[in-house]
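Read off the chains here:
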Amino acid sequence: MKRICLWSGPRNISTALMYSFAQRFDTKVFDEPLYAYYLKHHPEAHSYHPGADDILKTMENSGEKVVNLMLTNNEKPVLFFKHMTHHLLDLNRDFMKKTVNVILTRDPKDMLPSFDKVIYNPTIDDVGYALHIELLDYFEKHNIPFTVLDSKKVLLNPKETLKKLCDFANIPFDHNMLAWQPKQRQEDGIWAKYWYHNVHKSNGFQKYEPRENPFPTHLNSLLNESQPYYEKLISYSI
C-alpha cells in the first residue's frame, strides 16, 4: 500500500497531477481533504475563499479524522492525496512518516499572477513558499524521505519527470498518466468551478509557455519574498 501526499502551493498544476494519477487502475485520488479543517481554523481565509461555506458543510472539519481516514483507507494499492501545504496549519505531522511525501512548487513569476486573478493581492502565507521550506526542514529534521517536483519540469517533460516520481514512490510508471479526457472528475472538490477551468478543458499536461504579459507591479514585493524560498526548493527537485 502506497499513500502519496502531494504538498502543493496553489496554481501549481496539482490538479493536473491528480488527474494524471487518476488514470492509473491501481490508484484512487483525493482532492484536498484538509480544506475544511483549514477554513474552520483560519477565519480570515474563510472570508475570501470562494465556496467556503459549502466546503465546511460538506467535508470533514476535523484534521485528526481526515488523517485517520487517510491512514486506514485501503480501497486501492495506491492512494494519492492532493494537499495544499497551508491546509496543515498546526496539525500533528507524525503521519508523514507513513506516507510518500512530494512537495510541488512553481516559479513565483508564473504562479503569483495566476493566483492573484482569483484571490487578489495574496500574502506569503497564501502562496505556500515559506510553508514549503518549513515542511522541507521538518522532513530533514525527522529523517522523512521526500522529493520536490517543479511544475515547469513536469510540463517540459511529463513522461521523464513522472517516471522519476514513480521511481521515488516505488511504483511502476503507467503511460496512462500522460493523458485524460477533457472533463470534470467525480473526485473534484466542490470548489472546482472556481479553480479548475483549464484542467477541465485539457486532455493532458499543457505545454509550458513563458509568460508574455508584464508582471503585475503590486506583486513585486511578494515576488521578492518568495524567490529565495523557491530557489532553495528547486535545488532539491527531480
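Placed above this text is the structure.
We now turn to the structure provided with this report. Computed from a predicted model, the values in this text were never measured in an experiment. (Residues numbered from 1 in each chain as written. Predicted model: local features only at pLDDT ≥ 70, side-chain atom pairs only at ≥ 80, totals over all residues. Heavy atoms only, no water.)

### Digging into the sheet that holds strand E5 (residues 146–150)
Part 1 of the argument: If you walk across this open sheet you meet the 5 strands as E2-E3-E1-E4-E5, and the pairing is parallel. Looking at the sheet topology across the chains shown, the edges are occupied by strand E2 (27–31) and E5. Across the sheet, the axes of successive neighbouring strands diverge by a mean angle of 20°, strand direction being ignored.
Part 2 of the argument: The pairing of strand E1 (residues 2–8) with strand E4 (residues 100–105) spans 5 bridges and is parallel. Looking at E4, one finds that Cys5 is bridged to Asn101.
Part 3 of the argument: Contacting E4 and E5, helix H13 (residues 220–234) crosses the sheet at an angle of about 135° to E4. (Pairing = 2+ DSSP bridges. Helix = DSSP H or I, 4+ residues; strand = E, 2+ residues; numbered from the N terminus. Axes fitted to C-alpha atoms, helices over the stretch in contact; angles between N-to-C directions. Contact = heavy atoms within 4.5 Å.)

### A word on the pattern of salt bridges
Part 1 of the argument: In this structure the tally under the stated criterion is 6 salt bridges.
Part 2 of the argument: Residues Glu75 and Lys28 are paired through a salt bridge, measuring 4.0 Å at the closest nitrogen-oxygen approach. Residue Glu75 is found in the loop between helix H5 (63–72) and strand E3 (78–84), and its partner Lys28 is found in strand E2; the two are separated by 47 residues along the sequence.
Part 3 of the argument: Lys28 gets classed as partly exposed once you look at its relative accessible area, which sits at 22%.
Part 4 of the argument: Because the salt bridges share partners, they merge into one network encompassing Asp31, Glu32 and Lys82. (Salt bridge = Lys/Arg side-chain N within 4 Å of Asp/Glu carboxyl O. Buried < 20%, exposed > 50% of the residue type's maximum accessible area, 1.4 Å probe, protein only.)

### Some points on the packing of helix H8 (residues 129–141) against H13
Part 1 of the argument: One can describe the packing of H8 onto H13 by two numbers: an axis separation of 8 Å at closest approach and a directional angle of 40°. In terms of their interaxial angle, H8 and H13 are classed as oblique. Crossing hand, H8 versus H13: left-handed. Counted together, Tyr129, Ala130, His132, Ile133, Leu136 and Asp137 of H8 and Ser226, Tyr229, Tyr230, Lys232 and Leu233 of H13 form the full contact between these two elements. (Parallel < 35°, antiparallel > 145°, perpendicular 65-115°, else oblique. Left-handed = near helix turned anticlockwise from the far one by under 90°.)

### Some points on the pairing of E3
Part 1 of the argument: The buried fraction of E3 is high, at 7 of 7 residues.
Part 2 of the argument: Along E3, one buried face is formed by Val78, Phe80, Lys82 and Met84 and the opposite face, lined by Leu79, Phe81 and His83, is buried too.
Part 3 of the argument: As defined by bridge partners, E1 adjoins E3 across 7 bridges and the pair is classed as parallel. What sits directly across from Cys5, in E3, is Phe81.
Part 4 of the argument: Where E2 meets E3, 5 bridges bridge the pair, whose relative direction is parallel. Residue pairing for E3: Phe30 is matched across the bridge by Phe81.

Keep in mind these values describe shape, not function.
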